[in-house]
Amino acid sequence: MLHNSLKIFGSYAHLMGRTFSRPDRWKEFFKCYIDEIYKLGVNSIPIVIIISLFIGAVIAIQMQLNIVSPLLPKYTVGVATREIILLEFSSTMLALILSGKVGSNIASEIGAMRVTEQIDALEIMGINSANYIILPKIAGMVTFMPVLVIFSMATGILGGYAIAVLTGIISISILTYGIQAFFNEFYIWYALFKSLFFAYIISSIASFYGYTVKGGSLQVGKASTNAVVVSSVMILLVDVIITQIMMG
Amino acid sequence: MIEIKHINKSFEGKQVLYDISAQFYEGKTNLIIGQSGSGKTVLVKSIVGLMRPESGEILYDGRNSMVMKTSQIKALRKEIGMLFQGSALFDSETVLGNVIFPLKMYTRDSYATCKKRAEFCLDRVNLHGVNDLYPSEISGGMQKRVAIARAIALNPKYLFCDEPNSGLDPKTSLVIDELLSDITHEYKMTTIINTHDMNSVLGIGENIIFIRKGHKEWVGTRDEITTCDNVALEDFVFATPLFKEVKHYLVEQGK
Ligand SMILES: Nc1ncnc2c1ncn2[C@@H]1O[C@H](COP(=O)(O)OP(=O)(O)OP(=O)(O)O)[C@@H](O)[C@H]1O
Ligand SMILES: [Mg+2]
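Treat the numbers as computed from the prediction; the structure is a model and nothing was measured. Numbers given to residues run from 1 along each chain, matching the order in which its sequence is written. Here chains are named by letter from A upward and ligands by number from 1 upward, in the order in which they appear as written. With the structure being a predicted model, the display of local features is reserved for residues of pLDDT at least 70 and the display and counting of side-chain atom pairs for 80 or more, all residues being used for whole-chain, interface and lining totals. Side-chain numbers come from the whole structure's heavy atoms, not from hydrogens or water.

Visitor: What am I meant to see in the overall build of chain A here?
Guide: Assigned secondary structure in chain A consists of nine helices and zero strands. Scanning chain A from its N terminus toward the C terminus, one meets helices and strands in the order α-α-α-α-α-α-α-α-α. Along the first, second and third principal axes, the C-alpha atoms of chain A reach 70 × 40 × 30 Å. Put simply, chain A has 248 residues, and 49% of those count as buried. Only the protein chains shown count as cover for residues, and all accessible areas are computed by the Shrake-Rupley method using a 1.4 Å probe. Summed over all atoms, the accessible surface of chain A reaches about 11,800 Å², with 73% contributed by carbon and sulfur. The positive count covers Lys and Arg only, the negative count covers Asp and Glu only, and His and the chain ends enter neither. All charge positions are set by atom: Lys at NZ, Arg at CZ, Asp at CG, Glu at CD. Across chain A, 15 positive and 12 negative side-chain charges occur, with their mean positions spaced 2 Å apart. The numbering of helices and of strands both runs from the N terminus, where a helix is a DSSP run of H or I of at least 4 residues and a strand a run of E of at least 2. Each residue's exposure class comes from its accessible area (1.4 Å probe, protein chains only) as a fraction of the maximum for that residue type: buried when under 20%, exposed when over 50%, partly exposed otherwise.

Visitor: How should the coordination of the magnesium ion (ligand 2) be read in this particular structure?
Guide: Around a metal, the perfect tetrahedron of four donors has angles of 109.5 degrees, and the perfect octahedron of six donors has angles of 90 or 180 degrees. Residues and elements named next belong to chain B. Each metal's donors comprise the N, O and S atoms found within 2.8 Å of it (within 3.2 Å for Na, K or Ca). Water is not part of the atom list, so some coordination spheres may appear incomplete. Surrounding the magnesium ion (ligand 2) are the protein donor atoms T41 (OG1) and Q85 (OE1), at 1.9 to 2.7 Å. Residue T41 is located in helix α1 (residues 40-48), and its partner Q85 is located in the loop between β6 (80-83) and α3 (95-106); the two are separated by 44 residues in the primary sequence. In this structure T41 comes out as partly exposed when scored by relative accessible area, which is 22%.

Visitor: Help me understand the layout of surface pockets, please; the structure alone is not making it clear to me.
Guide: Rolled over the atoms, a probe with the dimensions of a water molecule shows which regions are left empty. A cavity, in this analysis, means grid points on a 1 Å lattice covering only the protein atoms where a 1.4 Å probe fits yet has no way out; a pocket is instead an open set bounded by protein on both sides within 12 Å along at least five of seven lines, and a residue lines either one if it has an atom within 4 Å of a point. Grid points are joined across faces, edges and corners, and a volume is the space filled by probe spheres set on the points. Quantified by volume, the largest pocket comes out at close to 1,600 Å³. In terms of lining, the largest pocket is formed by 43 residues, of which the most central are R114 and D120 of chain A together with G49, L50 and M51 of chain B. Elements that contribute at least two residues to the lining of the largest pocket include exactly α1 (2-19), α4 (76-115), α5 (118-124) and α8 (186-211) of chain A together with β1 (2-11), α1, β4 (55-60) and α2 (70-77) of chain B. If one sorts the elements of the lining of the largest pocket by residue count, α2 of chain B sits on top with five residues. Among the residues making up the lining of the largest pocket, the classes are represented as 20 nonpolar, eleven polar and twelve charged. Of the voids in this model, the second largest pocket is the one considered here, and its volume is about 470 Å³. Looking at the lining of the second largest pocket, the elements with two or more residues in it are α2 (26-41), α4, α5 and α6 (129-167) of chain A. Top element by residues in the lining of the second largest pocket is α2 of chain A. It accounts for six residues. Classifying every residue of the lining of the second largest pocket gives nine nonpolar, two polar and nine charged. Classification convention: Asp, Glu, Lys, Arg as charged; Ala, Val, Leu, Ile, Met, Phe, Trp, Tyr, Cys, Pro as nonpolar; all other residues, Gly among them, as polar.

Visitor: Help me out: how do you make sense of the sheet that holds β4 of chain B in this one?
Guide: Each strand in a sheet pairs with another by means of backbone hydrogen bonds, the pair being arranged parallel or else antiparallel. All names here are of chain B. The four strands lie next to each other as β2-β1-β4-β5, forming an open sheet whose pairing is antiparallel. Here the strands that pair on one side only, and so sit at the sheet edges, are β2 (14-24) and β5 (63-64). Between any two strands, pairing holds if DSSP finds at least two bridges. Where β1 lies against β2, seven bridges are found, and the strand directions are antiparallel. Residue E3 lies in a different strand from β2, and its bridge partner there is Q23.

By themselves, these observations are geometric and do not establish any function.
Okay, structure coming up:
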């Protein structure tokens, strides 16, 4: 088990070594990079908005229903909703959701290229296929992830507001006060910082599982499952580590 | 000319190629033939360097690719074109995009120049009016031809084809065989073709290497194949009743 994990980590490190080298053609690299930002990032905006709106709403409802203590001021609902969204939801939970969407997309795309020999075809042309295929994906994901996080924060809080406006279970003025009270800008930087690691984890692990597919379409399916499972676990692990270091 | 010496290759202890030595000549269509599973694909992938044999030498006009540095391999690869068993066209690129791809990665030429060269190659394989279609929108035979066009785009010295006419109808196969034979002679390429298609063997086999269960069993030309007395080869080439009759006819003609 340990031996196997080390072996997998070794080949992952080797692949990353090949990935992070100078592109053969910068022009081609930038073209692929823009494509990937669009494919992986921009195309994820709708799902990020929808999920964040609903989760923001649900968090606000839960806070309102569960924080019923005479010792806590009413605006605690706003503070708690904001902190949950800023600290964990818009970075970690969002990353888990994206590992499903983006991770499986990357792994199956690269896996299909492997089994149809497109990767071999690149190699035969003397192109570093890992660099050509994987680097734009990692770069695109890492640069666009913060944008997704900001979208998620904004729409999450909007979701909370929507509940106040639509149902009236929370007073809007109290919620507004709570959301602004004791605001610490560092939390936003903290979430953005974490999200960069998550973006790297999602894109590099999915690329690894796709790139190392052996066999046929059955194995491509397995690879994309593995990519999602492994990157989810790694995201949570790294979350614990970064949280301990930065907040502890 | 490509010369291989004593190539051995195995996968996790299972030996696939046994001590294979052979020569592939410039300006000739060199055929590697053998049954399904005999090791043809593994042999070709070993020669081009997509797989690494455990031992042996692979000499590209005297240059041993087994001991080359990464940068030298990269330079050598620019002289190699390859046609894969499943075409291996890039799904995300159009037909024209596929053929232009090696040009834009390796030449400093303007887009217009690259496009002209790509169109010339597509014309060379008799493909017209499909430039803007994607690989999934054209037939298997057309995909093969696009793959050939892409393989010859950089004017390679060495051309490798893994089963260029598997899955094609006899007429299209013939067109592809003739095409490969023509460009080989025209550009003095060293062409290596994997096949188990007997029409190709008898049609364009100028230097035939017969592989059986990972061993080199026989070497010769298409004329020698009809008169040879190697039992395994005869069994393989003239397996069907039709080809047995063909052999009869050829032998009688020879007399
Ligand atoms: N990557 C691999 N790992 C393990 N074994 C392999 C691998 N590639 C090929 N083999 C084995 O090597 C042998 C030769 O396979 P190869 O693909 O070269 O056959 P082939 O002559 O090209 O057959 P076909 O005409 O069907 O394409 C087979 O027994 C196959 O199981
Ligand atoms: Mg084969």
